[in-house]
Amino acid sequence: MYRLDAQDRIVHVNRAWLSFAAENETALTPEAVLDRPLWDFIADKETRQVYRMILTRVRSSGKEVYIPFRCDSPGIRRFMEMEIARLPEGAVEFRCRLIRAEKRLPIALLDPAADRSDELLQICGWCKRINLDGGWVEAEEAVKRLDLFGAERLPGLTHGICPDCHATAMREIERTRGEGDSPAEA
Ligand SMILES: [Zn+2]
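Attention in this report is confined to the structure presented alongside it. (Residues numbered from 1 in each chain as written. Predicted model: local features only at pLDDT ≥ 70, side-chain atom pairs only at ≥ 80, totals over all residues.)

### Looking at the environment of C162
Item 1. Tracing the chain through its elements places C162 in the loop between β9 (154–160) and α5 (163–175).
Item 2. For the pair C162 and N131, spaced 31 residues apart in sequence, the C-alpha separation works out to 7.9 Å.
Item 3. Each residue touching C162, except ones within four places of it in the same chain, is listed here: C124, C127, R129, N131 and W136. (Helix = DSSP H or I, 4+ residues; strand = E, 2+ residues; numbered from the N terminus. Contact = placed C-beta atoms within 7 Å.)

### As for the sheet that holds strand β1 (residues 2–4)
Pairing between the strands of a sheet comes from backbone hydrogen bonds, and it takes one of two forms, parallel or antiparallel.
Item 1. Spatial strand order, β2-β1-β5-β4-β3: 5 strands in an open sheet with antiparallel pairing. Either end of the sheet is taken by a strand with one partner, and the two such strands are β2 (10–13) and β3 (65–70). On average, each strand axis in the sheet is inclined to that of its neighbour by 20°, with strand direction left out of account.
Item 2. Relative to strand β5 (residues 92–103), β1 is paired through 3 bridges, and the arrangement is antiparallel. (Pairing = 2+ DSSP bridges. Axes fitted to C-alpha atoms, helices over the stretch in contact; angles between N-to-C directions.)

### Here's the deal with the pairing of β3
Item 1. Alignment of β3 against strand β4 (residues 76–86), held across 6 bridges, turns out to be antiparallel. Considered in β4, the bridge of I67 is made with M82.
Item 2. Linking β3 back to β4 in an antiparallel pair, the connection comprises 5 residues.

### Description of the packing of helix α3 (residues 45–61) against α5
Item 1. Viewed as axis vectors pointing N to C, α3 and α5 meet at an angle of 15°, and their least axial separation amounts to 10 Å. On the basis of their axis angle, the class for α3 and α5 is roughly parallel. The two elements α3 and α5 cross, and the hand of that crossing is left-handed. Of the residues in α5, those touching α3 at V50, M53, I54 and R57 are H166, A169 and I173.
Item 2. Class assignment for the residues of the contact of α3 with α5 results in 5 nonpolar, 1 polar and 1 charged. (Parallel < 35°, antiparallel > 145°, perpendicular 65-115°, else oblique. Left-handed = near helix turned anticlockwise from the far one by under 90°. Nonpolar A, V, L, I, M, F, W, Y, C, P; charged D, E, K, R; others polar.)

And the structure:
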């Protein structure tokens, strides 16, 4: 869970969510993110835009938005849900809930400590699939197709958002329209 104030500064955080928006998962601690704007941690333009739309929507409607996402570690697939809710005075809270977890053989490509080459692969920050020439595949599949198993150095990862996750977020924003918004709290 983390909380933003009306200026999108991170004012409260717990450890569970850190890897979600993080581009460098090893560097982030609660101490390192507090009092900094959320935007410091989201470099990708399209991802920023989606966050802005969600925040605007939640703040103006007072309705919760729910977004499924993955928070994987090399050896565990974590299926999560994020609830984004308005608090008084323009603050917004992101609550993350584990839906289910599955063990798998550890994937070095997702290990922040792995040795990296200059090559970059794009990973969706939400569903954690990898962009292979516009086709988004699970990390296991990407490792297979790129023949990375046992590779000495792995491509680096850069975060983005895939079309499916983008569409899910837009649908969720759309869902909160129409029933009449609750007035903003002071
Ligand atoms: Zn995605």
